[in-house]
Amino acid sequence: MTLRKPESGVGSASGAESALAGRAQDRAQGHGHGFHEIDASKDSNDDSAQSITVIEPDVTNGKLDADGALLDDRIQIRPVNDEDDTSVMITFNQKVSPFIIVLTFVASISGFMFGYDTGYISSALVSIGTDLDHRALTYGDKEIITAATSLGALISSIFAGTSADIWGRKPCLMFSNLLFTVGAVLQISARSFWQMAVGRLIMGFGVGIGSLISPLFIGEIAPKNIRGRLVVINSLCLTGGQLVAYGCGAGLDKVHNGWRILVGLSLIPTCIQFVCFWFLPDTPRYYVMKGRLDKAAEVLGKSYVDAPSELIHQKIQELNALNRTIPGDTIPKKVWNTIKEIHTVPSNFRALILGCALQGIQQFCGWNSLMYFSGTIFETVGFSDSAAVSIVVAGTNFVFTLVAFFAIDRIGRRCILLIGLPGMCGSLIVCAVAFHFLGVHFEGGGQATIEHQGFSAWGIIVILSIIFYAAFYALGIGTVPWQQSELFPQAVRGIGTSYSTATNWGGSLVIASTFLTMLQNITPTGTFALFAGLSLVSFFFCYFCYPELSGLELEEVQMILKDGFNIKASKTLAKKRKQQLAAQKNSSGNGDLHDYHKSKPSDELMEC
Ligand SMILES: O[C@H]1[C@H](O)[C@@H](O)[C@H](O)[C@@H](O)[C@H]1O
């Protein structure tokens, strides 16, 4: 039982406040104006205790009725056991502030660089020719140059979550800018294969940091109701970066030393991000972690321009309380306790399984083999302008990430995964068959032979099936795993996302370092058939284990995962939330919480 009261003012669970709650309830029952009935809330410091958070009227900002109740509705009191409580209170009725948009786009430059730096290698490998060590690159060389970035990213992503907690998100992203720069300069000036590989490795350190921290940063600054979409903006920048890299690669294909220019272009976004972050703040959560509450209030004030200062302070109190819930008085103790917690609490461990499995599936279904080597493949299949064909593939990836942007909350994460994976499987089977009839044989030393030279129908089928594969991939498994932070509760979110991001890069490393060898040893048909088989197995995994999380509160995600994967319950709850949101929108026309009623998630789960 709790009631809500409109606009601003903050209270906690004291006796006086309970009295206020009672008054508020009377008003709600008596007049039904300006209040909403809501759930009992949990005390943020004690999981077992129930408390009531009361919002007092702000007499300076709002209009009051005869009883002192505000006439316009904005604020809802909800269970206080996760970071989002005040976010919800603040963000309903709020437009996204330009400040949040700027921060999102500046952070998403990391996504762009992730995409650009992993994307340009496809065309660079083709156009390097004999520029390194005065000889052509073998398949082994190409794999090392490509895999070096994945290896670097794997190593840095293991430490990135903890480093972001110790030094801050912004400094870590700025440090990644330095790594990008050093890596790029080494590559631009490379005359030897090994200098190129080391440059790619250092660049990879930057990519790993950016790939973890950018979505985390966005997730921390984003208002809850649009968090999913803002995180997909990072994915859009990522696939956009790959597309731009392919486009530039095609443009510079015939230019002498064009690949050096291609690498050099990567310096532009990294410098822009560095300069922008010089003037921008870190996330409020980080400031709270470091006890810099004034700074946190300043950032929140800019993020939620209409929010009264009392509400901002309540948010800070909540973040502060959450901060204390991680046991341990020193950083190593805290880190150790978090590691213990993620493995021993069943809901956390299930979240970990899902986070890592989805990232693993994303990589082992083979997409990046195309991202990294499509130039080499299309060249072998007989397309003289292989870079241009690669653009179409990267373009499809980008366009369908945009489709995912619109579908991820409406159709739901689980649903787009279950559409995407069988689609990928079907496309890969067609691709495997087409390769069989094309009669391509990859041999050692970077050589390949093809039975049917030139433009053939099977060549076209290979390309079409790859395009379909790209579309289904981007729609589901290419995008959904990066929503990983919603799986984990605040206390283990950093470490959980580190594990799953490292799984992503581990998978990417395996694919990058084995793909060309697989083409040689088990033929292209065998390789693509293997990816098809893995997509099918992944479909069954998602079908049986991945709950529908769209529209669910973070606390509800934890409840869903408490004693199993609870697919059925999650689907019912997600559907209910969607209907409630639609009802709110219809009744208020602008997303306010008029007539909003929500029963306890636990009750609803029992119903399901
Ligand atoms: O989500 C991204 C995206 O799908 C990219 O195209 C791919 O190269 C990355 O590995 C992946 O993490």
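Look up a bit, the structure's there.
What you see is a predicted model, and the numbers here were worked out from it, not measured in a lab.

A. Up close: the overall build of the protein chain. The helix and strand inventory of the protein chain stands at 22 helices and six strands. Each of the 608 residues in the protein chain was classed as buried or not, and the buried ones make up 59%. Long-range pairs, those at least 24 residues apart, make up 79% of the contacts in the protein chain between residues at least 6 apart in sequence. Of the roughly 22,800 Å² of accessible surface on the protein chain, 65% is carried by carbon and sulfur atoms.

B. Broad picture of helix α17 (residues 413–438). Compared with an ideal rise of 1.5 Å per residue, which puts 26 residues at 38 Å, α17 spans 37 Å between its outermost C-alpha atoms and is within 8% of the ideal. Looking one or two residues beyond α17, the residue adopting positive phi is Gly 439, at roughly 65°.

C. Geometry of empty space enclosed by the protein. In this structure the tally under the stated criterion is six cavities of 30 Å³ or more. Approximately 180 Å³ is the volume attributed to the largest cavity. Leu 238, Gln 362, Tyr 473, Gly 478 and Trp 482 are, among the 20 residues lining the largest cavity, the residues nearest its centre. Counting residues per element, the ones that place at least two in the lining of the largest cavity are α7 (227–251), α14 (346–364), α15 (367–381), α16 (386–410), α18 (457–475) and α19 (490–545). Broken down by element, the residue count for the lining of the largest cavity peaks at four residues, all from α7. Here the lining of the largest cavity is built from residues that sort into eight nonpolar, 12 polar and no charged.

D. Quick look at the side chain of Thr 149. Looking at where Thr 149 falls in the secondary structure, it is placed in helix α4 (residues 139–167). Using a relative accessible area of 1% as the deciding quantity, one classes Thr 149 as buried. The contact partners of Thr 149, leaving out residues within four places of it in the chain, are Arg 200, Gly 204 and Val 207.

E. Summary view of the environment of Phe 193. With respect to the secondary-structure elements, Phe 193 resides in helix α6 (residues 193–221). Taking the relative accessible area as the measure of exposure, Phe 193 reaches 4% and is therefore buried. Through-space distance from the C-alpha of Phe 193 to that of Leu 530 is 31 Å; in sequence the pair is 337 residues apart. Residues contacting Phe 193, with those up to four places away along its chain left out, are Leu 132, Asp 133, Arg 135, Leu 137, Asp 141, Ile 144 and Ile 145.

F. Focus on the packing of aromatic side chains. Tallied over the entire structure, the rule returns 20 aromatic pairs. Clustering of aromatic rings is evident, with ring pairs tying together Phe 435, Phe 515, Phe 528 and Phe 531. Between Arg 229 and the ring centre of Phe 405, over which it is positioned, the NZ or CZ distance is 5.1 Å. Here the guanidinium or amino end of Arg 414 rests over the ring plane of Tyr 543, the centre of that ring lying 5.4 Å away.

G. Inspection of the pattern of salt bridges at higher detail. In this structure the tally under the stated criterion is eight salt bridges. Note that Arg 413 and Asp 409 form a salt bridge whose closest N and O atoms lie 3.0 Å from each other. Owing to a relative accessible area of 3%, Arg 413 belongs among the buried residues under this scheme. Note that Arg 413 and Glu 486 form a salt bridge whose closest N and O atoms lie 2.8 Å from each other. One end of the pair, Arg 413, is in helix α17; the other, Glu 486, is in the loop between α18 and α19, and 73 residues separate them in sequence. Considered together, Arg 413 and Glu 486 belong to a single accessibility category, that of buried residues. When salt bridges that share partners are traced, they join Arg 169, Glu 220 and Arg 285 into one network.

Basis of the calculations
Residues numbered from 1 in each chain as written. Predicted model: local features only at pLDDT ≥ 70, side-chain atom pairs only at ≥ 80, totals over all residues. Heavy atoms only, no water. Helix = DSSP H or I, 4+ residues; strand = E, 2+ residues; numbered from the N terminus. Buried < 20%, exposed > 50% of the residue type's maximum accessible area, 1.4 Å probe, protein only. Contact = heavy atoms within 4.5 Å. Areas by Shrake-Rupley, 256 points an atom, 1.4 Å probe, with all protein chains shown as cover. Expected span 1.5 Å × (residues − 1). 1 Å grid on protein atoms, 1.4 Å probe; cavity = no way out; pocket = protein on both sides within 12 Å on 5 of 7 lines; lining within 4 Å. Points joined across faces, edges and corners; volume = space filled by probe spheres on them. Nonpolar A, V, L, I, M, F, W, Y, C, P; charged D, E, K, R; others polar. Phe/Tyr/Trp six-rings, centres within 6.5 Å; stacked < 30°, edge-to-face > 60°. Lys NZ or Arg CZ within 6 Å of the ring centre and 35° of its normal. Salt bridge = Lys/Arg side-chain N within 4 Å of Asp/Glu carboxyl O.

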